[in-house]
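# Inside the fold
Residues per chain are reported as follows:
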Amino acid sequence: MSLTPDAAHNVAHVLTEALPYIQRFRGKTVVIKYGGNAMVDEALKNGFARDVVLMKTVGINPVVVHGGGPQIGNLLDRLGKESEFIQGMRVTDRETMDVVEMVLGGLVNKEIVNLINRHGGSAVGLTGKDGDLIHARKMVVHQKTPELDVPEIIDIGHVGEVESIDTSVVNMLIKGNFIPVIAPIGVGHDGHSYNINADLVAGKVAEVLQAEKLVLLTNTKGLLDKDDNLLTGLSTERVDELIADGTIYGGMLPKIRCSLEAVKGGVNSSVIVDGRVKHAVLLELFTDEGIGTLIRRR
């Protein structure tokens, strides 16, 4: 069935609008944090896989870092183990860490790899334990209590922060025309495995790779002002001002700080995108308007 003249015109417009962005990003690395609704909705999952394959096909080097909190919670529930959170972080004892490794490094990671490969890509799954990729340190959490004048140190178990990234294995895969898919599990100097927030891992990977762009998929439209208008095209100085005046707060604050640190660390730009929108990554990369909150160095 042939296209109508109007439909053909729309297709041509999309392709010509995308061309300068394809030329700009060709040969560059884009790190994508994949999480939220985009990971559980079947149509969005398949759309994301196709988008990543298209990026690779036109010469862009996508690197995927994924989360998996809901999947971890579901398996813990099925095992009869209650999830406990302190300051938004899952308390992770040794038994829970075993579940985290199984879900992130096994089930979720391999599903993403399989989806990308089914759509014509060549993806390889990694955790931070592979190739000595992610060096972690135990996260220290302080909590104020009425009984003590100084904050109490709370042990939340095998929850870590990124100490350093060794991208040797990632660079090898990129040069071999593969798409790296990274689960955010690191190893400490003590030899223990640590569960690390996927946003933080994506930001640090982007920084060390000196990526052209960091894309964080979320379940919100992006950063909104006090009148619910989307803010975008922000300089690092403007973001610092918005944090100081309270516009950025709550659950958005860690994502913004992750984006800000990546850009200050050498990533050209970072964007927070609504992963509930079909083909969100392509719309952000290849259209004039974009769809998220963009933070840039210049």
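Residues numbered from 1 in each chain as written. Predicted model: local features only at pLDDT ≥ 70, side-chain atom pairs only at ≥ 80, totals over all residues. Heavy atoms only, no water.

As annotated in an unreviewed UniProt entry, the protein carries the name Acetylglutamate kinase and is attributed to Solemya velesiana gill symbiont. The record held by UniProt for the protein lists under Catalytic activity (unreviewed entry) the comment "N-acetyl-L-glutamate + ATP = N-acetyl-L-glutamyl 5-phosphate + ADP". In its Sequence similarities (unreviewed entry) section, the UniProt entry covering the protein states "Belongs to the acetylglutamate kinase family. ArgB subfamily." (UniProt positions renumbered as here; feature names shortened; annotations may be inferred.)

### A look at empty space enclosed by the protein
One pass over the structure, following the stated rule, counts one cavity of 30 Å³ or more. Reported here for the largest cavity is a volume of approximately 80 Å³. Lining of the largest cavity is provided by Ala38, Leu44, Gly47, Phe48, Asp51, Leu217, Gly275, Val277, Lys278, His279, Ala280 and Val281. Contributing elements (two or more residues each) for the lining of the largest cavity: helix H2 (42-57) and helix H9 (280-286). No other element matches the four residues that H2 contributes to the lining of the largest cavity. When grouped by side-chain class, the residues that make up the lining of the largest cavity number seven nonpolar, three polar and two charged. (1 Å grid on protein atoms, 1.4 Å probe; cavity = no way out; pocket = protein on both sides within 12 Å on 5 of 7 lines; lining within 4 Å. Points joined across faces, edges and corners; volume = space filled by probe spheres on them. Helix = DSSP H or I, 4+ residues; strand = E, 2+ residues; numbered from the N terminus. Nonpolar A, V, L, I, M, F, W, Y, C, P; charged D, E, K, R; others polar.)

### So, helix H4 (residues 94-118)
With 25 residues, H4 should cover 36 Å at 1.5 Å per step; its first-to-last C-alpha distance of 35 Å lies within 8% of that length. Directly after H4, the chain includes Gly120, whose backbone phi takes a positive value near 100°. (Expected span 1.5 Å × (residues − 1).)

### Some remarks on the environment of Ile248
By the element assignment, Ile248 lies in the loop between helix H7 (236-244) and helix H8 (252-264). In this structure Ile248 comes out as buried when scored by relative accessible area, which is 2%. Spatially, the C-alpha atoms of Ile248 and Pro151 are 25 Å apart, while their sequence positions differ by 97 residues. Every residue in contact with Ile248, bar those within four places of it in the chain, is listed here: Leu223, Val239, Leu242, Ile243, Leu253 and Ile256. (Buried < 20%, exposed > 50% of the residue type's maximum accessible area, 1.4 Å probe, protein only. Contact = heavy atoms within 4.5 Å.)

### Looking at the side chain of Thr218
If you trace the backbone, Thr218 turns up in strand S13 (residues 213-218). Judged by relative accessible area, which is 4%, Thr218 ranks as buried.

### Thoughts on helix H5 (residues 168-175)
Every α-helix winds through 3.6 residues per turn, so residues three or four apart in the chain are directed the same way. Within the sequence span of H5, burial applies to Val169, Val170, Leu173 and Ile174. End-on, the buried residues of H5 take up no more than an arc of 135°, which puts them together on one face. Summarising the geometry of H5, the exposed residues directed more than 90 degrees from the buried face are Met172 and Lys175. As for H5, its buried residues are in contact with strand S1 (29-34), H2, strand S2 (61-66), strand S5 (123-127), strand S10 (179-183) and helix H6 (198-209). After H5 finishes, the residue Asn177 shows a positive phi value of roughly 70°. (Arc of directions from axis to C-beta.)

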